[in-house]
Structures are given as C-alpha cells and as structure tokens.
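The residues making up each chain are set out below.
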Amino acid sequence: MSWRDTMCGELTAADVGRRVTVAGWADTRRDHGGLVFVDLRDYTGKVQLVVNPERSKQAAEEAHDVRNEFVLQAEGEVVARAPEAVNPNLPTGQIEVQVDMLRIVSRSTPLPFQLDEANVDETLRLRYRWLDMRTERMQRNLRISHVAVAAIRRRMDELGFIDIWTPSMTKGTPEGARDFLVPVRLQPGNFFALAQSPQLFKQLCMVGGMDRYYQIATCWRDEDLRADRQFEFRQLDLEMSFVEREDVLDVLEQCVVASFEALGREPPPRPFPRLQFADVMLRYGSDKPDLRFGLEIQDATEITRTSKFGVFAGAPVVRYLVAPRAFSRAELGRLEEIAKEWGAKGLAYLVNDGGEVRSPIAKFLSEDELAAFTGEPNTTTLFAAADEATVARVLGGLRTHLGRELDLADREADSFAWTLDFPLFEHHEESEGWTFVHHPFTAPVAGDEHRIESDPGGVLGQHYDLIWNGWELGSGSIRIHDAERQEAVFRVMGMDAEEQEAKFKFLLDALRMGAPPHGGFAMGIERFVALLAGEPDIRQVIPFPKVASGSDPLTGAPTPMPDSVLEELGIKSAVEEGGGRRPV
Ligand code: ASP
C-alpha cells in the first residue's frame, strides 16, 4: 500500500465519492465527544478528516491519541459537507474525508511554539526551523525561491549560458568585505579564503573561451549581518564575452521578467529606467533610491551663500528635504540622532505647523530664505549643511528612514532601475589613497582610460547596479581586459609591481594571453526572493540562516575546536575559555 494517493489540498467537490489515502500532519484536532475532526495538512493544503466511531472503531481509538503535528495516514471516502458545515475560507472546504482507517505514523513531543502563533521569537523559530518550515509563510517563501531560481536557470540556458563550477576555497577576491579563512592541514600556516564571489574565475573562463558563464554561486563574506546580509548567500553570477553594457543589462532584465512570469505576476516594464549615479546622489542621496516615493533632495547652496545663519553660509553644500508632516520636538530629536549617525553635526529644521513656522534657526534666516525653504502647511524642512558626500549621506539616510516611517512608498508599485556611471575610484579613508568603488577589475568608461593615473577621482567606471524598491539587487561591470590597464588601476590603489605580482600574477598572466572584452553581473538571489515574497529581510527566505550575533541557533555553531584539532592545523587560539582574548 502506498503512503498516499491524493494530496490533502487538492480535494474538491468533484472528488465526492472517491476513496482516498492521504498522509500528512495533524494541523488541529477537535474532539466533539464521539466525532473527532482532524485537519490534515501536507504542502498543498489542508483537508478535514472526520473520524466517526460508528464508521470505524479502529480509527476512533487511534484518533483519541492524536495531537498537533503528529504524522498521520488516513484512508476513507470523500463526502460533501452539509451546507452549514461548508468552510468558504478553505479551498477544500466543501468536502471532508470520512475515515475508515487512521494510523499514527509518527508522534510529536509538545511543541515549543504553535504553528499558527503570531510573532514567535525569531531565534526560537530558527532553533526549531523544521517546525517553522511547516508554516504557510515558510512553505510559500522557499517555493517562491525555487520557482524564481528555476526560471532563471531556464532563461540562462536558453540564452546560451553554461553553468560552470568554480572553487569555494580560493585566494580571496577583493570585493570589499573580510574573508572567511580555511586552514590547510597539509600546509600549516597557510589559508584558503572562501570566495567572496567567483569574480576572477569567471573572468578566467572568458579568457578560456567559454563565452557565456553562469552559476547560482554561493559566496562568503565576513560582514555584520543585517536585514539584507548573511555570511553566506547565493548570487546569480554571470559573465559574457564580446559584449557592451547594454547586452549585460538585457540578460538581467530577462531573468527578472522570467521570474515574475514563472510566479504568475505582472512583470515590470522593460527597459528598466537607467539612472546616472551623479544624478541620483544629488536627488536622493543614495545610489539605490527607493523610487516609489518622491521626497527629493533640493539644493539651497546658492541662496544660503550669504545667509546670516553661519552654519549655512560656511558649508560647502546646503540641501534639504521637505517631509510631509509637521514633526514634534520629540520626533525631531529622533531624526537628529539619525542624521548624526549618518555624519551630521546637528539637524536644522523649519516646521510649518498649520501655517505657523516653528524653528530655532528662523530668526537667522532672511525673508527670501524663509520663503524658499518653508514647505506647505504641515510639513517639515530638514537641512544638511556639510561637504557634498556627507550631505548626500545624511539626507539620503533621512529620506529612506522617512519613507519607511511615514509609509510613503506605493506598496503596489515595483520600481526597478539601473544606476550607471559610478566613479571608478573613491577616497580610501584609512590610507588616504584611492580605492575601487565596485572592484578593481572594472573598466573605465571609454574616453577616461588615459586619465586613470593622472586624474583617478575624475574617471567613471563601466559599473552598473540593479535596484528594486530601494534594495541593491546586484552589481556588475564591463571588465578591464588589458594587463597594462589593470596594472595602472592597481597602481592607483597603491599596489606596487611586487604586490601586484604576489596577489594577481595569475590574472595579469591571463590578461596577457589573449583576453576577450568581457563583462558580467551578480544578482543576490536571497534579496531578490525576499522582495518577490514581500518579506522584510532575507532570513525569511533562507532555509537555515544565522542570526545577528553570527550564530546558527539550530546547530549552535560556531563552536570551539579542541586544541588537538587546532594543533594539527598549525593554529594556536588566542581566545581563552569564556571568550576573552589571551595575551599574545
Ligand atoms: N563579483 C561582483 C560581486 O559579487 C559582481 C560582478 O562584478 O560581476 O558583486
């Protein structure tokens, strides 16, 4: 006898009269003194089992012991429910199964939380993820993930990309994060790094004539965990030869559309808007603005040059936002804290409280300034006065915060866009030299090549980011395919020939042996799926994620290793029992 011949959630009125065998979990059990009702659940849904002692004594006895989340098998007949018992909220609500045989296949201890409980502590959910996975939310999310990834794979295959495996244990690619290191027993003192991305291997595949590479690649980055970051995550990683930027963007847009279609959703219109980095930084203070609401940054630098308010007059740049609410003192205090987190010294404001202006700085401002900056009644003008980058960070941070806090975004809208034309380099705060914006392998835009070393700050890169509703879904670029240019970029980053050799000889060698022009992209799968699923963070779409402390509540990892194991690896722990650091 097979375990089941029908799925619980698929039974309808058309099945009335059928004999069926179903198997799954007891979602609820209601004992009506004589009759026992069990909602039996599998991944397709629930069906009501009715156990009647007059119909089956065996089933009635077995049903007596059933508790929530026991695994059951039942055999019986599909019958129509009496009209007053029809449940319009349940897809199978028109029918029930009159049970002839019931079997407890497997029991459950009392549960640490009920599956239908709201707001279960997340660590508890993760500790018992196998229970959490049975909830509708997790079932749905992991299935959305599957459907999207399958659609992407299909489209990549149709577009002629081939799936090539690249190593996880490698030399570490500079993608801007710390590496996770892997000690090597055969070479004590030497370490592999877990790949932050397959970046250089995919470029080598292009030099190897593979033409179109892709992989749903796992990447490891030692960064603080956040709503959109985990130590390990997957990305749709791709690389293409003999292409221009638009060819790469087209492939990504096709993958997004294919995923939407596979999920039965209206895909976003193509082509996605193309935004200029310099422009979005000015208007939204961010390279990944949420475009579902306006709240654009406005410039006040010209008008405030001669301001009597010294902070404005003395600042290189003064800009502001007009928020659609007259904030209270307490709210402004909180906004000031946020502005300070983003680098502001304070937060100047003008509240238009139903026509009356409240502001400690109003007395310093001229008529013209007040007229220009005061918003409509019931708004607050928030200023940032500092250098260009700080002003963008502060107002960009406030804009994002206000968008969320005041619920400004149109939730029905999906706003996909590309940010293009990033600078190739930015100032490196520690070394005071230059560092890459994307990664060191990004090509400058045509025409800027010859300024790489003479004017690094003025060079734009062929780098592009994909954004969706304010989340960065991924980045890519057209790469440098010429060893000399690559060396020039390394030099700007302060790497002398010796260091270049030590770190990147393999890449430079490859670029000297017939490298085709190439470019690619990587899109974060978990971010994409979280947004597809309407989830606020990526943990909700990852089967077994870690929590903010960097631990896995389920297995308890990471755990200390015995000294004997460390010794074999040539490692001496500098951490004492209890977590303190041993003096070395
Ligand atoms: N390797 C880059 C990343 O992981 C993506 C790319 O440039 O293709 O962000």
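What this report covers is the structure whose coordinates are included nearby.

## A few points about the sheet that holds strand 9 (residues 191-194)
Pairing is antiparallel across the open sheet formed by 3 strands, whose spatial order is 7-9-8. Here the strands that pair on one side only, and so sit at the sheet edges, are strand 7 (169-170) and strand 8 (181-183). Bridge count for strand 7 against strand 9 is 2 bridges, and the pairing is antiparallel. Bridging across to strand 9, Thr 170 finds its partner in Ala 193.

## Some remarks on the pairing of strand 3 (residues 45-51)
Across the 7 residues of strand 3, 5 count as buried, placing the element largely inside the fold. Direction of pairing for strand 2 (residues 35-42) relative to strand 3: antiparallel, over a ladder of 7 bridges. Note on strand 3: the bridge partner recorded for Phe 37 is Val 50. Pairing of strand 3 with strand 5 (residues 95-106), which is carried by 2 bridges, proceeds in the parallel orientation. Bridge pairing in strand 5 places Val 50 opposite Gln 98.

## What to know about helix 12 (residues 388-405)
The end-to-end C-alpha distance of helix 12 is 25 Å, a good match for the 26 Å that 18 residues give at a rise of 1.5 Å each. By the burial criterion, the buried members of helix 12 are Thr 390, Val 391, Ala 392, Val 394, Leu 395, Gly 396, Gly 397, Leu 398, Arg 399, His 401, Leu 402 and Gly 403. Against the buried residues of helix 12 lie helix 7 (277-284), strand 14 (317-323), helix 10 (329-341) and strand 17 (379-386). Looking at the residues trailing helix 12, positive phi occurs at Asp 407, about 55 degrees.

## Description of helix 1 (residues 57-65)
Buried within helix 1 we find Ala 59, Ala 60 and Ala 63. Looking straight down helix 1, one finds its buried side chains confined to an arc of 100 degrees; they lie on one side. Of the residues in helix 1, the exposed ones pointing more than 90 degrees away from the buried face are Lys 57, Glu 61 and His 64.

About the cut-offs
Residues numbered from 1 in each chain as written. Predicted model: local features only at pLDDT ≥ 70, side-chain atom pairs only at ≥ 80, totals over all residues. Heavy atoms only, no water. Pairing = 2+ DSSP bridges. Helix = DSSP H or I, 4+ residues; strand = E, 2+ residues; numbered from the N terminus. Buried < 20%, exposed > 50% of the residue type's maximum accessible area, 1.4 Å probe, protein only. Expected span 1.5 Å × (residues − 1). Contact = heavy atoms within 4.5 Å. Arc of directions from axis to C-beta.

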